[in-house]
Amino acid sequence: MTAARGHQDQEDLFEFAGAMPKQEIGALAFMKERPESDGRGTLVAILDSGVDPGAAGLQITTEGKPKIIDLLDCSGSGDV
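Visitor: Just checking my understanding: could you explain the environment of Gly 57 for this structure?
Guide: For Gly 57, the location among the structural elements is in the segment after helix H2 (27–33). Expressed as a C-alpha distance, the spacing of Gly 57 and Lys 67, which sit ten residues apart in the sequence, is 8.8 Å.

Visitor: Sorry if this is basic, but what is going on with the pattern of salt bridges here?
Guide: Between side chains of opposite charge, a pair can form when the charged atoms approach closely. What the rule picks out here adds up to three salt bridges. Arg 34 is the salt-bridge partner of Glu 33, the closest N and O atoms lying 3.3 Å from each other. The class of Glu 33 is exposed, set by a relative accessible area of 57%. In this structure, the salt-bridge partner of Lys 65 is Glu 63, at a minimum N-O distance of 3.8 Å.

Scoring rules and cut-offs
Throughout this description, residue numbers start from 1 for each chain and increase along the sequence as written. In keeping with the predicted nature of the model, local features appear solely for residues at pLDDT of at least 70, side-chain atom pairs appear and are counted solely at 80 or more, and the whole-chain, interface and lining totals rest on all residues. Values shown for side chains rest on all heavy atoms present in the structure; no hydrogens or waters enter the calculation. Numbering of helices and strands runs from the N terminus; a helix is a DSSP stretch of H or I covering at least four residues, while a strand is a stretch of E covering at least two. The salt bridge criterion pairs a side-chain nitrogen of Lys or Arg with a carboxyl oxygen of Asp or Glu, the two atoms within 4 Å. Only protein chains enter the accessibility calculation, which uses a 1.4 Å probe; a residue is then buried when its area is under 20% of its type maximum, exposed when over 50%, and partly exposed in between.

If you want it as C-alpha cells, here you go:
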C-alpha cells in the first residue's frame, strides 16, 4: 500500500472528509512534518445533542487510549 493510498483509506473512514480541505489549508503537510502534533495530552469537553459514541472516529487516540472518557446523557431520552 502506498502512503497516498493509506491516507485515502483514513479519509474514507470519515463521512464528511470532503468538507475538510486538509490539502488546501496545509494540514496534510503539517501532519506529515509533525505526526506527534495530533492533540496528544489535550482534553476537550463537548456538549452535543447528537453525538454517537459508537462512531469509529471516536474510539481510540493515536496512542491507543480511549477518546471518550465519560459520557452523560442530558437529554433524558436514555438513548446513549
